[in-house]
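# A look at the structure
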Amino acid sequence: MHAWPASEVPALPGKGRDLRIHDTATGGRITLDPGPVARIYVCGITPYDATHMGHAATYNAFDLVQRVWLDTKRQVHYVQNVTDVDDPLLERAVRDGQDWAELAERETALFREDMTALRMLPPRHYIGAVEAIPGIVPLVERLRDAGAAYDLDGDIYFSVDADPHFGEVSGLDADAMRLLSAERGGDPERPGKKNPLDPMLWMAARPGEPSWDGASLGDGRPGWHIECVAIALDHLGMGFDIQGGGSDLAFPHHEMGASHAQALTGEHPFAQAYVHAGMVGLDGEKMSKSRGNLVFVSALRRDGVDPAAIRLALLSRHYRSDWEWTDQVLADAVERLARWRAAVSRPDGPSADALVEEVREALADDLDSPAALAAVDRWAALQGAEGGTDEGAPGLVSRTVDALLGVAL
Ligand code: 5CA
Ligand code: ZN
């Protein structure tokens, strides 16, 4: 699939700092040590509805990761998928009497537009589940032939007991896993499974549903977790730096993905860090397509909200916290954007050299975007109160905000 156009990232004077980030698997903050090419996989959308503020907040977090790395003069190898065939997409298509492939294509196109408007840097490889199927089939065959997967009435299941590291990503106990598995696409109650938690790798063709040639697996379609594993291994290989997504993906999705990959390769770990963004809610509930309590990026854009203000609203909350989207969050961001724009529109101002370092330090410290915004607020306040004589300062502030926060002033 094609991704979306990249906005330019201005180079800043000096050099950025190495990222220290919270890793779900170890439960603590780790300093990543990527080589000259940092590798990141971020789980993409299931395209059956438009991009809401929860999605946007999660992609914003991983966009900041890229910007911190780019500022350290590294290249970034970023891969994202599109789950363009899966149960919720097929169910929505049936409910609305539309073709599932057209629905996926339309919503993916809208997602690209939203990401472009928000100045999110595009992945180098943007890969759909459907186009990944030829790579998925041999992986499932290998797992089955190695005894790490088994057949149940034509469906192929992964045996979680095949990976000695199973459970290390989420750190959950069996009861919690069972509950979440039932909630998030698993089928712990299905009789005949070796372990109730075992997830499906390949689903045999069902009447009325799309299916593909699975060679020795028979016709069918891929399970959710193996989709991301196949794409990540193909484009990044084992041991890449960050596996990212919202906190609802820690279990089962990232747990199962890590186990699939570790069982396949005999290597550990799948990713150096598992990084999860908090959940954005509306009126006290997690924003989700299935609940329908959504604020869409595209609806705000249609109402004439500046995408830079949407981006500032996302940045005003720490990526790891769960938070509520409200009209006030957006109103504050609109006001801040106007204040910043006024401050950088003057020909000179107070020196911004310290500001660059403050923003760098805030983001390197587990992507502390609220602290980064506070630093820019302080510079803008000083500019408003006293001004200054540094002719390079307003331009440097604009470039810093653009390069590190993705906001065009
Ligand atoms: N296609 C799969 C990943 S392979 C999927 O989870 N798709 S999704 O469309 O449901 O979600 C896309 C991304 O947005 C995921 O990282 C998910 O964790 C994140 N996300 C979903 N809802 C929210 C929310 N309310 N707040 C923050 N992030 C969210
Ligand atoms: Zn995924």
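Along every chain, residues carry numbers that run from 1 in the direction the sequence is written. Written order determines the labels here, with chains lettered from A and ligands numbered from 1. Where local features are concerned, this predicted model is filtered to residues with pLDDT of at least 70; where side-chain atom pairs are given and counted, the filter is 80 or more; whole-chain, interface and lining totals use all residues. The basis for every side-chain value is the complete set of non-hydrogen atoms in the structure, without hydrogens or water.

## What about the site of ligand 1?
For clarity, the cut-off: Nearness is judged by heavy atoms alone; a residue qualifies as near a molecule or strand once a single heavy atom is within 4 Å of it. Any pair of N or O atoms that falls within 3.5 Å is considered a polar contact. Within protein, one atom must be able to donate a hydrogen and the other to accept it, and sequence-neighbouring residues count only if both atoms are side-chain atoms. Surface accessibility in these figures is a Shrake-Rupley result with a 1.4 Å probe; residues are shielded only by whichever protein chains are displayed. Per the convention used, a helix needs a DSSP run of H or I reaching at least four residues, while a strand needs a run of E reaching at least two, with both numbered from the N terminus. For this classification, the nonpolar set comprises Ala, Val, Leu, Ile, Met, Phe, Trp, Tyr, Cys and Pro, the charged set comprises Asp, Glu, Lys and Arg, and every other residue, Gly included, is treated as polar.
Of all residues adjacent to ligand 1, which total 24 residues, the nearest are Gly44, Thr58, Thr83, Asp248 and Lys289. The separation between a nitrogen atom of ligand 1 and a polar main-chain atom of Gly54 is 3.1 Å. A distance of 3.0 Å separates an oxygen atom of ligand 1 from a polar atom in the backbone of Gly246. Against a free-state accessible area of 600 Å², the protein chains account for coverage of 94% of ligand 1. Breaking the shell around ligand 1 down by element, the ones donating at least two residues are α1 (53-71), α6 (224-235) and β10 (240-246). It is α1 that provides the largest number of residues to the shell around ligand 1, a total of four residues. Grouping the amino acids of the shell around ligand 1 by side-chain chemistry returns nine nonpolar, twelve polar and three charged.

## Some thoughts on the domain arrangement of the chain
Rule in force here: Domain borders in the structure are assigned automatically or taken from a domain database. Any two residues having at least one pair of non-hydrogen atoms within 4.5 Å are treated as being in contact. In short, buried area is how much 1.4 Å probe accessible area vanishes from two parts on joining, totalled over both. Any Lys or Arg side-chain nitrogen found within 4 Å of a carboxyl oxygen on Asp or Glu counts as a salt bridge.
For the chain, the assigned domains are domain 1 (34-277) and domain 2 (303-405). With centres defined by C-alpha atoms, the gap from domain 1 to domain 2 works out at 34 Å. Taken together, the contacts link 18 residues of domain 1 with 17 residues of domain 2. When domain 1 packs against domain 2, the two sides together hide about 1,600 Å² of surface, and 64% of this comes from carbon and sulfur. Across the contact surface, domain 1 and domain 2 share three salt bridges. Looking at the side of domain 1 that touches domain 2 residue by residue, the classes come out as twelve nonpolar, two polar and four charged.

## Description of empty space enclosed by the protein
Stated formally: The pocket and cavity definitions rest on a 1 Å grid over protein atoms only: a 1.4 Å probe that fits but cannot leave marks a cavity, an open set with protein on both sides within 12 Å along at least five of seven lines marks a pocket, and residues lining either have an atom within 4 Å of a point. Grid points are joined across faces, edges and corners, and a volume is the space filled by probe spheres set on the points.
Going through the model one piece at a time under the given rule, you end up with three cavities of 30 Å³ or more. Taken as a whole, the largest cavity encloses approximately 70 Å³ of empty space. In terms of lining residues, the largest cavity is bounded by Ala57, Asn60, Ala61, Leu64, Ala277, Gly278, Leu314, Arg317, His318, Tyr319, Ser321 and Trp323. A per-element tally of the lining of the largest cavity places α1 first, with four residues. Across the lining of the largest cavity, the residue classes break down as seven nonpolar, four polar and one charged. For the lining of the largest cavity, the domains that each give at least three residues are domain 1 (34-277) and domain 2 (303-405). Its boundaries defined by the atoms lining it, the second largest cavity holds a volume of some 40 Å³.

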